[in-house]
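Chain residues, written in single-letter form:
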Amino acid sequence: AQTVTQSQPEMSVQEAETVTLSCTYDTSENNYYLFWYKQPPSRQMILVIRQEAYKQQNATENRFSVNFQKAAKSFSLKISDSQLGDTAMYFCAFMKHGGTYKYIFGTGTRLKVLA
Amino acid sequence: DSGVTQTPKHLITATGQRVTLRCSPRSGDLSVYWYQQSLDQGLQFLIQYYNGEERAKGNILERFSAQQFPDLHSELNLSSLELGDSALYFCASSVVGGQGGETQYFGPGTRLLVL
């Protein structure tokens, strides 16, 4: 069975600085997908970024980028130029290609951006 | 706005009661997923429906059931409610059947409080 681990329950960062959130996963699958979702105080789940395991190039979305290390089964999220609106819970999720397409979520990292 | 709608937004009820949560997926999405998020926890997959048929089950209690109707909206029925069922219940939808790695789009959630 697949598992997703987020080892940092809470983090903080100064506004305009860079922060990296960690995520590791365990799987025997070769084809899969990884996601980062943001959950602000409103509790809405918002997709931040997605990575296909077969792609070597790291995904980037504006200020958000990932460092995907397939051999190490690591999928960290880097937030550059942090903004107050980035304050949220961040969840890493794994999805196996094929089958049910269900997500397996990590337990989340609570990020607070300080003014 | 993800395009996924959930009603009601809030629900307060008593132990032993039964409630129904409703979800309308994004236009064109055939698959609906239900997740439960207890206080300060990650999201736990409950059940998936695809085009009206149950596709996968996760950690769903026998007291809970779901269905997807011909118009693709879905309902999650929770019965014999217990205090521990208090949680945020999310519905998500995706296309499924595409090239894989189907991104799930989440509704705003229904916050259930059992007293």
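To start, this report covers the structure provided alongside it. (Residues numbered from 1 in each chain as written. Chains lettered and ligands numbered in written order. Predicted model: local features only at pLDDT ≥ 70, side-chain atom pairs only at ≥ 80, totals over all residues. Heavy atoms only, no water.)

All right, on to the state of the cysteines then. All names here are of chain B. According to the stated counting rule, one finds two disulfides over all chains in the structure shown. The residue that forms a disulfide with Cys23 is Cys91, at a sulfur-sulfur distance of 1.8 Å. Judged by the torsion about the S-S bond (-50°), the Cys23/Cys91 disulfide is left-handed. Remark: Cys91 occurs in strand 9 (residues 87–94) and Cys23 occurs in strand 3 (residues 19–24); sequence separation between them is 68 residues. The pair Cys23 / Cys91 is uniform in exposure class, with both members buried. (Disulfide = S-S within 2.5 Å. Helix = DSSP H or I, 4+ residues; strand = E, 2+ residues; numbered from the N terminus. Buried < 20%, exposed > 50% of the residue type's maximum accessible area, 1.4 Å probe, protein only.)

Taken together, the contacts link 21 residues of chain A with 25 residues of chain B. Regarding the contact of chain A and chain B, the summed buried area is about 1,900 Å², with carbon and sulfur atoms giving 53% of it. Linking chain A with chain B are zero salt bridges. In this assembly, chain A and chain B are joined by eight residue pairs in polar contact (both at pLDDT 80 or more). Among the elements of the structure, strand 5 (32–39), strand 6 (46–52) and strand 10 (88–96) of chain A are those that each provide at least two residues to the side of chain A that touches chain B. With four residues, the single largest contributor to the side of chain A that touches chain B is strand 5 of chain A. Each residue belonging to the side of chain A that touches chain B can be placed in one class, and the counts come to ten nonpolar, seven polar and four charged. (Contact = heavy atoms within 4.5 Å. Buried area = accessible area lost by both parts, 1.4 Å probe. Salt bridge = Lys/Arg side-chain N within 4 Å of Asp/Glu carboxyl O. Polar contact = N/O pair within 3.5 Å; in protein donor to acceptor, adjacent residues only side chain to side chain. Nonpolar A, V, L, I, M, F, W, Y, C, P; charged D, E, K, R; others polar.)

Residue and element names in this part refer to chain A. In the structure shown here, the tally under the stated rule is 19 aromatic pairs over all chains. Pairing Phe35 with Tyr103 gives two aromatic rings, centres 4.7 Å apart and planes at 35°, and the pair type is tilted. With a gap of 68 residues between them, Phe35 in strand 5 and Tyr103 in the loop between strand 10 and strand 11 (104–105) connect regions that are remote in the sequence. You can call Tyr103 buried: its relative accessible area is 2%. (Phe/Tyr/Trp six-rings, centres within 6.5 Å; stacked < 30°, edge-to-face > 60°.)

Okay, the sheet that holds strand 3 of chain B next. Residue and element names in this part refer to chain B. Taken together, the four strands give an open sheet; going across it, the order is 1-3-8-7, and neighbouring strands pair in antiparallel fashion. Looking at the sheet topology across the chains shown, the edges are occupied by strand 1 (5–7) and strand 7 (64–68). The average undirected angle you get between the axes of adjacent strands in this sheet is 15°. Relative to strand 8 (residues 74–78), strand 7 is paired through five bridges, and the arrangement is antiparallel. Within strand 8, the residue paired with Ala66 across the bridge is Leu76. (Pairing = 2+ DSSP bridges. Axes fitted to C-alpha atoms, helices over the stretch in contact; angles between N-to-C directions.)

Here we take up the pattern of salt bridges. Applying the stated criterion across every chain, the model contains eight salt bridges over all chains. Its salt-bridge partner being Asp29(B), residue Arg26(B) comes within 2.8 Å of it at the nearest N-O pair. When its relative accessible area of 1% is taken as the criterion, Asp29(B) is described as buried. The shortest N-O distance in the salt bridge between Arg63(B) and Glu82(B) comes to 3.7 Å. Taken together, the positions of Arg63(B) in the loop between strand 6 (53–57) and strand 7 and Glu82(B) in the loop between strand 8 and strand 9 put the pair 19 residues apart, joining distant regions of the chain. Within this structure, Arg50(A), Glu52(A) and Lys55(A) form a network of salt bridges that share partners.

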